[in-house]
Amino acid sequence: MFRIYNGVKWMKIIICSAFCATIALCVYHNWVHAREVDMLEDSALKVHRKSRHYRDELSYQESITDGGPENLPGKMKTDENILDLEEAKKKIRELEMRIKQLEGSTTRRFPDVKFLNYRTRKRILITGGAGFVGSHLVDQLMMEGHEVIVVDNFFTGRKRNVEHWIGHENFELIHHDIVNPLFIEVDEIYHLASPASPQHYMFNPVKTIKTNTVGTINMLGLAKRVGARVLIASTSEVYGDPEVHPQPETYWGHVNPIGPRACYDEGKRVSESLSYAYAKQEKVQVRVARIFNTYGPRMHMNDGRVVSNFILQALRNEPITIYGHGEQTRSFQYVSDLVEGLVSLMASNYSMPVNLGNPVEYAIKDFAIKIRDLVGGNSHLIYSDAVEDDPQRRRPNITVARKQLNWQPKVSLQQGLKRTIDFFHKELLRSSHSNRNMFQPPEMSLDNAFPSEKVSKTVAN
Ligand SMILES: O=c1ccn([C@@H]2O[C@H](COP(=O)(O)OP(=O)(O)O[C@H]3OC[C@@H](O)[C@H](O)[C@H]3O)[C@@H](O)[C@H]2O)c(=O)[nH]1
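What counts, and where the lines are drawn
- Residues numbered from 1 in each chain as written.
- Predicted model: local features only at pLDDT ≥ 70, side-chain atom pairs only at ≥ 80, totals over all residues.
- UniProt positions renumbered as here; feature names shortened; annotations may be inferred.
- Pairing = 2+ DSSP bridges.
- Helix = DSSP H or I, 4+ residues; strand = E, 2+ residues; numbered from the N terminus.
- Axes fitted to C-alpha atoms, helices over the stretch in contact; angles between N-to-C directions.
- Contact = placed C-beta atoms within 7 Å.
- Near = placed C-beta within 6 Å.
- Nonpolar A, V, L, I, M, F, W, Y, C, P; charged D, E, K, R; others polar.
- Buried ≥ 20, exposed ≤ 12 C-beta atoms within 10 Å, placed from the backbone.
- Left-handed = near helix turned anticlockwise from the far one by under 90°.

As recorded in an unreviewed UniProt entry, the chain goes by UDP-glucuronic acid decarboxylase 1 and comes from Frankliniella occidentalis. Quoted verbatim from the Catalytic activity (unreviewed entry) heading of the UniProt record, the comment on the chain is "UDP-alpha-D-glucuronate + H(+) = UDP-alpha-D-xylose + CO2".

Take a look at the structure:
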């Protein structure tokens with residue numbers, strides 16, 4: 001009896017040790033491969049450089065004689081070069097082959113996502129998932145262990161924002177415009193697709209209206225067919241230029257239906273109306289988030305909204321441009337707070353619209369000074385023409401979110417802006433590097449290709 005017990009005990013020890021040794025071996029194997037790939041890439045680069053040097057020399061020699069290298073006076077030297085070039089090319093081919101083999105056997109690394117079993121794991125569609133807010137939501141839901149399907153037409157979204165998930169078994173990226181119907185099976189839909197920066201949504205107003213009307217009908221129709229719950233990303237712009245301050249969800253708004261912002265304001269208002277029509281008539285479960293001004297990393301350099309504009313101008317030591325008198329106010333929330341709010345709203349039983357925003361309010365000119373101080377440059381403020389129909393005051397009343405979702409923003413403006421400044425600082429370094437490597441015809445400099453915006457009135461501060 002004792003011998004059997006001892007035998008089983010040893011068996012267990014042996015199996016455990018074998019298991020641990022296998023894991024350690026796999027990790028070591030991957031590490032060795034990754035190092036080898038790096039080293040090989042390094043040598044391939046060196047050989048490439050050498051071969052380029054030979055090619056340059058050959059073409060120079062060809063250029064000084066019409067008859068090609070064999071007719072050159074320095075024939076011996078050219079022959080050697082041709083031989084060296086062939087040798088280098090052969091070496092490159094071998095190294096490239098080896099790199100390919102190694103890369104094929106090295107597994108890609110992803111962040112550690114939570115494991116959910118088939119009962120708790122959901123299939124979640126995010127329209128506009130490659131955009132600024134959408135991609136942060138993707139990160140959150142992927143980390144929670146769900147299957148995430150991103151649909152984007154890449155008008156303002158970028159593959160770069162979600163590329164760290166490409167290849168993960170829980171992730172799928174579909175290039176599709178939701179103005180056309182989509183047939184897939186999902187449990188939840190976050191409908192975020194729409195340009196959100198005034199400059200972008202005014203660029204093609206008809207398309208903005210189509211996305212927020214036809215696109216929303218397509219998503220509500222999909223939700224109806226497959227029984228999914230759908231969250232519509234609405235906006236504080238449904239309140240227009242508000243006459244009630246701060247704005248509660250019960251306020252009906254003050255919108256110019258034929259102004260330049262109408263494509264977005266009215267588009268989102270129709271989007272809300274459609275949601276509640278589908279809820280009443282077709283029993284679709286809808287959630288509506290009215291999103292206030294949001295900022296954070298992954299905003300586009302050409303976003304055109306106030307946070308990215310001011311930070312970039314301050315980082316480049318350019319004047320900070322305020323549209324109008326600068327007394328107009330906004331309240332800014334950091335993107336991670338918004339994502340938390342969206343996820344809580346989707347999970348809640350509350351189906352009426354909910355404001356998601358940070359109630360700390362700033363006059364735009366004070367906001368400009370805050371950013372300049374944080375960046376530390378010496379940009380001065382200049383004032384240009386006011387934007388037509390620009391809302392003069394905006395601040396959310398978040399009583400409903402606090403009560404129904406137990407949600408409120410956590411990230412202070414100071415913290416959030418520091419992270420965003422850091423992000424844009426890195427973006428500037430990246431773009432200056434790619435500018436250096438960009439092909440430029442001699443007669444056209446980059447400054448001529450992308451003239452900076454002109455400002456009409458100037459007041460130094
Ligand atoms: O360079 C700039 C940019 C903007 N501004 C001003 O800063 C304020 C904020 O402008 P933004 O362009 O960032 O955004 P807006 O608040 O007008 O619209 C935003 O509202 C909420 C969201 O739903 C949308 O992201 C967007 O429509 C405006 O008063 C604008 O005139 C400047 O003074 N200078």
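Now, onward.
**Student:** What is the right way to read the sheet that holds strand 6 (residues 286-291) from this model?
**Tutor:** Strands pair in a sheet through their backbones, by hydrogen bonds, and they do so in one of two ways: parallel or antiparallel. Pairing is parallel in the open sheet, where 7 strands are placed in the order 3-2-1-4-5-6-11. Every interior strand has two partners, whereas the edge strands, strand 3 (171-175) and strand 11 (354-356), have only one. The average angle at which neighbouring strand axes cross in this sheet is 20°, direction not considered. Relative to strand 2 (residues 147-152), strand 1 (residues 123-127) is paired through 5 bridges, and the arrangement is parallel. Pairing of R123 across the sheet is with E147, part of strand 2. Seen against the sheet, helix 6 (residues 262-282) touches strand 5 (229-235) and strand 6 and runs at an angle of roughly 155° to strand 5.

**Student:** How do you make sense of the site of the ligand when you look at a structure like this?
**Tutor:** Around the ligand, a shell composed of 19 residues is seen, among which T235, R305, V306, N309 and Y323 lie nearest. Elements supplying a minimum of two residues to the shell around the ligand: helix 7 (306-315) and strand 8 (320-323). The biggest single contributor to the shell around the ligand is strand 8, with 3 residues. Residues of the shell around the ligand, tallied by class, amount to 8 nonpolar, 7 polar and 4 charged.

**Student:** Sorry if this is basic, but what is going on with the environment of M352 here?
**Tutor:** Within the fold, M352 resides in the loop between helix 8 (335-347) and strand 11. The sequence separation of M352 and V288 amounts to 64 residues, and the corresponding C-alpha distance is 6.5 Å.

**Student:** Explain the pairing of strand 8 here, please?
**Tutor:** Where burial is concerned, the two faces of strand 8 differ: the one with I320 and I322 is buried and the one with T321 and Y323 is not. As paired elements, strand 8 and strand 13 (residues 381-384) share 4 bridges and run parallel to each other. Bridge pairing in strand 13 places I322 opposite Y383.

**Student:** Would you mind going over the packing of helix 3 (residues 132-143) against helix 8 with me for this structure?
**Tutor:** Between two packed helices, both the angle of their axes relative to each other and the distance between the axes serve to describe the pair. One way to put it is that helix 3 packs onto helix 8 with a least axis distance of 10 Å and a crossing angle of 65°. Helix-helix and strand crossings are classified by hand; for helix 3 and helix 8 the assignment is right-handed. Contacts between helix 3 and helix 8 involve V133, H136, L137 and Q140 from the first element and V335, S336, L338, V339, L342 and V343 from the second. When the residues that make up the contact of helix 3 with helix 8 are grouped by side-chain class, the tally is 7 nonpolar, 3 polar and no charged.

**Student:** Explain the environment of Q247 here, please?
**Tutor:** Secondary-structure assignment places Q247 in the loop between strand 5 and helix 6. Residue Q247 is classed as buried on the basis of its 25 C-beta neighbours within 10 Å. Expressed as a C-alpha distance, the spacing of Q247 and N355, which sit 108 residues apart in the sequence, is 8.7 Å. When residues no more than four places from it in sequence are discounted, the contact partners of Q247 are S236, Y239, P242, R395, P396 and N397.

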